[in-house]
Amino acid sequence: MTKIKLSTEVVLDLAEECAEALGSNGVAELTLAPIAAKAHVTVPSIYKHVTNLADLRERLAARAFAQLNDAVVRATVGRSGLDALGALAHAYRDYARAHPAMYGAAQGPVLDSTPTARESRDEFMRTVTAIVAGMGIAEEYRVDAMRAIRATLHGFSQLENSGGFSLANEVDTSFDRVIFWLGSAITQAPELFEGARNPSHQKGHSV
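What comes next concerns the included structure. Everything quoted here is computed from the prediction, not taken from an experiment.

## Regarding the nonpolar core
Stage number 1. Ranked by internal contacts, the top residues of the largest apolar core, which has 55 residues, are Ile 35, Ile 46 and Leu 56.
Stage number 2. Mapped onto this core, the elements with two or more residues apiece are helix H1 (8–22), helix H3 (32–39), helix H5 (53–76), helix H6 (81–98), helix H7 (100–107), helix H8 (115–134), helix H9 (139–161) and helix H10 (171–187).
Stage number 3. If one sorts the elements of this core by residue count, H6 sits on top with nine residues.
Stage number 4. Residues in contact with Ile 46, not counting those within four places in the same chain, are Leu 6, Val 11, Leu 32, Ile 35, Ala 36 and Val 41.

In structure tokens, the structure reads:
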């Protein structure tokens, strides 16, 4: 068997493949042995490109945040208001469904002592903050709005990935309605918005 020429990025590519094969908790369960086997090398060869298993997992978490951020940026470019919220929601759910292990890595604790993971996480948070700000929400309420959005999207995605939706109703339809209700709830809280006591400037957007 031909050995794969390794670099840090190649190791991460192989690690991502191995993690996804393990399911939504794949990054936490990942060891170096299957990565080495996939590359047709010995485990010590992997240590030339990552310090240890913790380093590998932190790098995968950073990569997951970057992938999620790229997906959200692509989906929301040129959009604003509740239209951007809808695009964010669908990009988030699509990523969680397509990459359950990597999504799971992005939800775990990322050490603040790990600059790459921290910066990747912070870049994603800046993207979401910009979307929330673009909805006209006052700065003092943006963290609250972001937590409401994250709780909704993460809860839905976690339940979906774990097979938690067993009723006959179409899940896609339910998701669209949940996001519509979330957007409606936000627009019905006029105190959230900058420069106005009513959310009329948000009407006309759809999710």
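## Here's the deal with H9
Stage number 1. Taking 1.5 Å per residue, 23 residues should reach 33 Å; H9 reaches 33 Å between its end C-alpha atoms and fits that length.
Stage number 2. Among all positions in H9, only Arg 142, Ala 145, Met 146, Ile 149, Leu 153, Phe 156, Ser 157 and Glu 160 are buried.
Stage number 3. In this structure, the buried side of H9 is in contact with H6, H7, H8 and H10.
Stage number 4. Gly 163 occupies a position one or two residues after H9 and carries a positive phi of about 75°.

## Things to note about H1
Stage number 1. Its 15 residues give H1 an end-to-end C-alpha distance of 21 Å, which sits within 8% of 21 Å, the value for a rise of 1.5 Å per residue.
Stage number 2. The complete set of buried residues in H1 reads Val 11, Leu 12, Leu 14, Ala 15, Glu 16, Cys 18 and Ala 19.
Stage number 3. Where the residues of H1 are buried, they touch helix H2 (26–29), H3, helix H4 (43–46), H5 and H7.
Stage number 4. Backbone geometry just downstream of H1 places Gly 23 in the positive-phi region, at approximately 100°.

## So, the packing of aromatic side chains
Stage number 1. For the structure shown, the criterion picks out four aromatic pairs.
Stage number 2. Ring geometry for Tyr 92 against Tyr 103: centres 5.5 Å apart, planes inclined by 80°, an arrangement best described as edge-to-face. In this pair, Tyr 92 sits in helix H6 while Tyr 103 sits in helix H7, placing the two residues eleven residues apart along the sequence. Side by side, Tyr 92 and Tyr 103 carry an identical accessibility label, which is buried.
Stage number 3. Aromatic ring contacts, followed pair by pair, group Phe 156, Phe 165 and Phe 175 into a single cluster.
Stage number 4. The cationic tip of Arg 93 hangs over the ring face of Phe 175; the distance from NZ or CZ to the ring centre is 4.8 Å.

## Overview of the packing of H9 against H10
Stage number 1. Two elements in contact, H9 and H10, have axes separated by 11 Å at closest approach and are oriented at 170°. On the basis of their axis angle, the class for H9 and H10 is roughly antiparallel. Judged by residue contacts, Ile 149, Thr 152, Leu 153, Phe 156 and Glu 160 of H9 engage Val 171, Ser 174, Phe 175, Val 178, Ile 179 and Leu 182 from H10.
Stage number 2. Considering only residue class, the contact of H9 with H10 consists of eight nonpolar, two polar and one charged.

## Section: unusual backbone geometry
Stage number 1. At His 40, a position not held by glycine, the phi torsion is positive, near 60°.
Stage number 2. By the secondary structure assignment, His 40 is in the loop between H3 and H4.

The rules behind the values
- Residues numbered from 1 in each chain as written.
- Predicted model: local features only at pLDDT ≥ 70, side-chain atom pairs only at ≥ 80, totals over all residues.
- Heavy atoms only, no water.
- Core = buried A, V, L, I, M, F, W, Y, C linked by side-chain atoms within 4.5 Å.
- Buried < 20%, exposed > 50% of the residue type's maximum accessible area, 1.4 Å probe, protein only.
- Helix = DSSP H or I, 4+ residues; strand = E, 2+ residues; numbered from the N terminus.
- Contact = heavy atoms within 4.5 Å.
- Expected span 1.5 Å × (residues − 1).
- Phe/Tyr/Trp six-rings, centres within 6.5 Å; stacked < 30°, edge-to-face > 60°.
- Lys NZ or Arg CZ within 6 Å of the ring centre and 35° of its normal.
- Axes fitted to C-alpha atoms, helices over the stretch in contact; angles between N-to-C directions.
- Parallel < 35°, antiparallel > 145°, perpendicular 65-115°, else oblique.
- Nonpolar A, V, L, I, M, F, W, Y, C, P; charged D, E, K, R; others polar.

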